[in-house]
Amino acid sequence: MDNSERLNLLLVKLENLLLRQQGFEAEIEALKNEVRALQSPGSSFVQPPKPISEPVIAPPPKNTPPVPVI
């Protein structure tokens, strides 16, 4: 595996981790909202639907220039 292939693979892994982190952040926020609703007297909490599945990112084709991460 040459450096460009390894770099592309690492960028894909990084993107997947960032997406998973966003999912965790959303789940944490939903839990915080549920706790707040339960702590507030007279409020009702409506549970949001759970996501069906995480998106899967396929690695980029070979010889693709790396995507800059901002």
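Residues numbered from 1 in each chain as written. Predicted model: local features only at pLDDT ≥ 70, side-chain atom pairs only at ≥ 80, totals over all residues. Heavy atoms only, no water.

A separate point is the overall build of the protein. Counting secondary structure elements, the protein contains 1 helix and 0 strands. Of the roughly 6,300 Å² that the protein leaves accessible, carbon and sulfur atoms contribute 62%. (Helix = DSSP H or I, 4+ residues; strand = E, 2+ residues; numbered from the N terminus. Areas by Shrake-Rupley, 256 points an atom, 1.4 Å probe, with all protein chains shown as cover.)

For the rest of this paragraph, the subject is the pattern of salt bridges. It is possible for side chains of opposite charge to pair when their charged atoms get near one another. Summed over all chains, the structure comprises 1 salt bridge. For E29, the salt bridge goes to R36, with nearest N and O atoms at 3.9 Å. For E29, a relative accessible area of 37% gives the class partly exposed. On the basis of relative accessible area, R36 is assigned to the partly exposed category, the value being 43%. (Salt bridge = Lys/Arg side-chain N within 4 Å of Asp/Glu carboxyl O. Buried < 20%, exposed > 50% of the residue type's maximum accessible area, 1.4 Å probe, protein only.)

To continue, consider helix 1 (residues 3–39). Over its 37 residues, helix 1 extends 53 Å from the first C-alpha to the last, a length consistent with the 54 Å expected when each residue adds 1.5 Å. If you check which residues of helix 1 are buried, you get N8, V12 and A37. (Expected span 1.5 Å × (residues − 1).)

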